[in-house]
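The residues making up each chain are set out below.
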Amino acid sequence: MRRVPAQYLGIVQDNNPEERMVAIIDNYADIGELIEWSDEGFDVVPANEAYKLWVNYFVYALTH
């Protein structure tokens, strides 16, 4: 399997970085896979970061 670093693209309101983010696109970031295999204990740091990102997505979706 080829490991490619994750890429993130944020789209902000009025194309101004000081405004709020309206969308995020993540490429090569398979968050579900990292969470699915987190109980195996192979690589804990990416799994922890995946949980943090997933919770941020979830909370953001519920509050906006």
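Figured I'd write up the structure that's included with this text. Every chain begins its residue count from 1, and numbering advances along the sequence as written. Residue-level local features of this predicted model are given only where pLDDT is at least 70; pairs of side-chain atoms are given and counted only at 80 or more, and the full residue set underlies all totals for whole chains, interfaces and linings. Only hydrogens and water are set aside when side-chain values are computed; all heavy atoms of the structure are taken into account.

## A word on the overall build of the protein chain
Turning to step 1, where the next piece is worked out: We count a stretch as a helix when DSSP gives it H or I for four or more residues in a row; a strand needs E for two or more, and each element gets its number in order from the N terminus. Broken down by element type, the protein chain carries 2 helices and 2 strands.
Turning to step 2, where the next piece is worked out: Put simply, the protein chain runs from its N terminus to its C terminus through helices and strands in the order β-β-α-α.
Turning to step 3, where the next piece is worked out: C-alpha atoms define the radius of gyration, and 2.2 Å times the number of residues to the power 0.38 defines the globule rule. For 64 residues, the compact-globule estimate of 2.2 N^0.38 gives 11 Å, and the protein chain exceeds it by more than 25% at 14 Å.
Turning to step 4, where the next piece is worked out: Reported as C-alpha extents along the three principal axes, the dimensions of the protein chain are approximately 40 × 30 × 15 Å.
Turning to step 5, where the next piece is worked out: Buried means the residue's accessible area, taken with a 1.4 Å probe over protein chains only, is under 20% of the maximum for its type, while exposed means over 50%, and partly exposed covers the values in between. Out of the 64 residues belonging to the protein chain, those deemed buried represent 6%.
Turning to step 6, where the next piece is worked out: Contacts between residues were defined by any pair of non-hydrogen atoms, one from each residue, lying within 4.5 Å. Sequence separation of at least 24 residues holds for 20% of the intrachain contacts in the protein chain that already meet a minimum separation of 6.

## Topic: the layout of surface pockets
Turning to step 1, where the next piece is worked out: A volume near 160 Å³ is recorded for the second largest pocket.
Turning to step 2, where the next piece is worked out: Within this scheme a cavity is a closed region of a 1 Å grid, computed over the protein atoms alone, that accommodates a 1.4 Å probe without allowing it to escape, whereas a pocket is open but has protein on both sides within 12 Å along at least five of seven lines; lining residues each have an atom within 4 Å of a point. Around the second largest pocket, the lining residues are Met21, Val22, Ala23, Ile24, Asn56, Tyr57 and Tyr60.
Turning to step 3, where the next piece is worked out: Contributions of two or more residues to the lining of the second largest pocket are made by strand 2 (21–27) and helix 2 (44–63).
Turning to step 4, where the next piece is worked out: Looking at the lining of the second largest pocket element by element, the count peaks at 4 residues for strand 2.
Turning to step 5, where the next piece is worked out: Nonpolar residues are Ala, Val, Leu, Ile, Met, Phe, Trp, Tyr, Cys and Pro. Charged residues are Asp, Glu, Lys and Arg, and all others, Gly as well, are polar. Across the lining of the second largest pocket, the residue classes tally to 6 nonpolar, 1 polar and no charged. Grid points are joined across faces, edges and corners, and a volume is the space filled by probe spheres set on the points.

## Some words on a negative patch on the surface
Turning to step 1, where the next piece is worked out: Judged by side-chain charge, Asp30, Glu33, Glu36, Asp39 and Glu40 come together as a negatively charged surface patch.
Turning to step 2, where the next piece is worked out: Summarising the element assignment, Glu40 is placed in the loop between helix 1 (31–36) and helix 2.
Turning to step 3, where the next piece is worked out: For Glu40, a relative accessible area of 42% translates into the label partly exposed. Two joining distances apply to patches: 9 Å for like charges and 5 Å for nonpolar side chains (Val, Leu, Ile, Met, Phe, Trp, Tyr), and every residue must have over 30% relative accessible area and no salt bridge. Areas reported as accessible are Shrake-Rupley estimates using a 1.4 Å probe. Residue values count occlusion only from the protein chains shown. A carboxyl oxygen of Asp or Glu within 4 Å of a side-chain nitrogen of Lys or Arg is what we treat as a salt bridge. The convention is simple: Lys and Arg are positive, Asp and Glu are negative, and His and the chain ends are not counted. To locate a charge, take atom NZ for lysine, CZ for arginine, CG for aspartate or CD for glutamate.

## Considerations on unusual backbone geometry
One can expect most non-glycine residues to show negative phi and most peptide bonds to be in trans.
Turning to step 1, where the next piece is worked out: Residues other than glycine seldom take positive phi values, yet Asp14 does so here, at roughly 60 degrees.
Turning to step 2, where the next piece is worked out: Following the sequence through the fold, Asp14 ends up in the loop between strand 1 (7–12) and strand 2.
Turning to step 3, where the next piece is worked out: A positive phi angle is found at Asn15, which is not glycine, with a value near 55 degrees.
Turning to step 4, where the next piece is worked out: Within the secondary structure layout, Asn15 lies in the loop between strand 1 and strand 2.

## Section: the environment of Asn48
Turning to step 1, where the next piece is worked out: As for its placement among the helices and strands, Asn48 is situated in helix 2.
Turning to step 2, where the next piece is worked out: As a C-alpha pair, Asn48 and Leu34 span 14 residues in sequence and 8.6 Å in three-dimensional space.

Function cannot be read off these values alone, since they describe shape.
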